[in-house]
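Fold and contact review
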Amino acid sequence: MARLFHVPLSPFCRKVRLSLAEKKIEVELVEERYWEADPDFLRRNPAAKVPVLRLDGIMMSESAAICEYIEETRPDPSLMPKGAEQRLEVRRLVGWFDDKFHNEVTSKLLYERVNKKVMGQGFPDSRNVKDGAKAIKYHLDYMTWLLDHRRWLAGDVMTLADFAAAAHLSALDYISDVDWNRSEVVKDWYAKIKSRPAFRSILADQVPGFPPPKHYNDLDF
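Treat the numbers as computed from the prediction; the structure is a model and nothing was measured. (Residues numbered from 1 in each chain as written. Predicted model: local features only at pLDDT ≥ 70, side-chain atom pairs only at ≥ 80, totals over all residues. Heavy atoms only, no water.)

As summarised here, the arrangement of the four strands in space is β2-β1-β3-β4, forming an open sheet in which the pairing is mixed. The open sheet has two edge strands with one neighbour each: β2 (27–31) and β4 (58–61). Sheet twist, expressed as the average angle between the axes of neighbouring strands with direction ignored, equals 20 degrees. Bridging between strand β1 (residues 2–6) and β2 involves five bridges; their strand directions are parallel. Paired with Ala 2 across the two strands is Val 27, which belongs to β2. Helix-sheet contacts for helix α1 (residues 11–22) involve β1, β2 and β3 (52–55), and the interaxial angle to β1 is about 160 degrees. Strand contacts of helix α3 (residues 63–73): β3 and β4, with the helix running at about 130 degrees to β4, the strand carrying the most contacts. (Pairing = 2+ DSSP bridges. Helix = DSSP H or I, 4+ residues; strand = E, 2+ residues; numbered from the N terminus. Axes fitted to C-alpha atoms, helices over the stretch in contact; angles between N-to-C directions. Contact = heavy atoms within 4.5 Å.)

Here we take up the domain arrangement of the protein chain. Taken domain by domain, the protein chain comprises domain 1 (2–73) and domain 2 (84–198). Counting residues at the interface gives 15 residues for domain 1 and 22 residues for domain 2. Connecting domain 1 to domain 2 are three salt bridges. Between Asp 98 and Lys 15 there is a salt bridge; the shortest N-O distance is 2.3 Å. Only α1 and α3 provide two or more residues apiece to the side of domain 1 that touches domain 2. (Domains from an automatic or database assignment. Salt bridge = Lys/Arg side-chain N within 4 Å of Asp/Glu carboxyl O.)

A few words now on the UniProt feature "domain: GST N-terminal" (unreviewed entry) in the protein chain. Per the UniProt record, "domain: GST N-terminal" (unreviewed entry) is found at residues 1–78. Helix and strand shares over residues 1–78 are 37% and 23% respectively, and the end C-alpha atoms of the span are 21 Å apart. (UniProt positions renumbered as here; feature names shortened; annotations may be inferred.)

Here helix α6 (residues 160–174) crosses helix α7 (residues 184–194) at 95 degrees, and the two axes come no closer than 11 Å. Viewed along their axes, α6 and α7 adopt a mutual orientation that is roughly perpendicular. Across the interface between the two elements, Asp 162, Phe 163, Ala 165, Ala 166, Leu 169, Ser 170 and Asp 173 of α6 pack against Trp 189, Tyr 190, Ile 193 and Lys 194 of α7. Tallied by class, the residues present in the contact of α6 with α7 amount to seven nonpolar, one polar and three charged. (Parallel < 35°, antiparallel > 145°, perpendicular 65-115°, else oblique. Nonpolar A, V, L, I, M, F, W, Y, C, P; charged D, E, K, R; others polar.)

An ideal rise of 1.5 Å per residue puts 16 Å on twelve residues; α1 measures up with 16 Å between its terminal C-alpha atoms. By the criterion of burial, α1 is predominantly enclosed, with eleven of the twelve residues buried. Looking only at α1, the buried set comprises Pro 11, Phe 12, Cys 13, Arg 14, Lys 15, Val 16, Arg 17, Leu 18, Ser 19, Leu 20 and Glu 22. Backbone geometry just downstream of α1 places Lys 24 in the positive-phi region, at approximately 55 degrees. (Expected span 1.5 Å × (residues − 1). Buried < 20%, exposed > 50% of the residue type's maximum accessible area, 1.4 Å probe, protein only.)

Moving on, we come to unusual backbone geometry. The peptide bond linking Val 50 to Pro 51 adopts the cis configuration, its omega dihedral lying at 5 degrees. The residue after Asp 76, namely Pro 77, is reached through a cis peptide bond having omega -5 degrees. At Ala 37, a residue that is not glycine, the phi angle is positive and equals roughly 50 degrees. By the element assignment, Ala 37 lies in the loop between β2 and α2 (39–44). According to the relative accessible area criterion, Ala 37 is partly exposed, its value standing at 36%.

This is the structure:
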């Protein structure tokens, strides 16, 4: 069985978990306190980051590379379209959420509110929280524009781009930092993603000291 070293609210880990679940790959989840720099974990990934996946006898790191490997070795069901231009758009949007969205929103809301406390790094920086709360509005508006022109974020079919976005938004939704009333089309898109069987383990996550809001597990939110 595959083994994933992860942190429950990490959007990068969640993206990998969604990919594995969508392709029905059984995986053992192992929570890893990567910030403690345990020697055994550093041997698995000297970069001291999660996710780290053991699959096919290979220890792999970096969520984008992991998801590409999963897609190449388990192409059904596909999370990448066939055309080069369409695949380019998927990769662009995965990069958008894992880079721009992460730096402007996730790191300023989730990491300030949750990670700092869990890691014993003090209290949230109110300026960062304020900046993140402002930035997420821009990103939700951009998603709205995309979904006004497409069925899914990258085109007519669900792809890894949708899982990348949902990984970030689901983690933020756990701490009630997503205003779903801002965009009905984004809310409907998330409801479709959230109702997929692949999402079940994500919705079951519990972080000690941070109970999820009532709507977090609700498919009709």
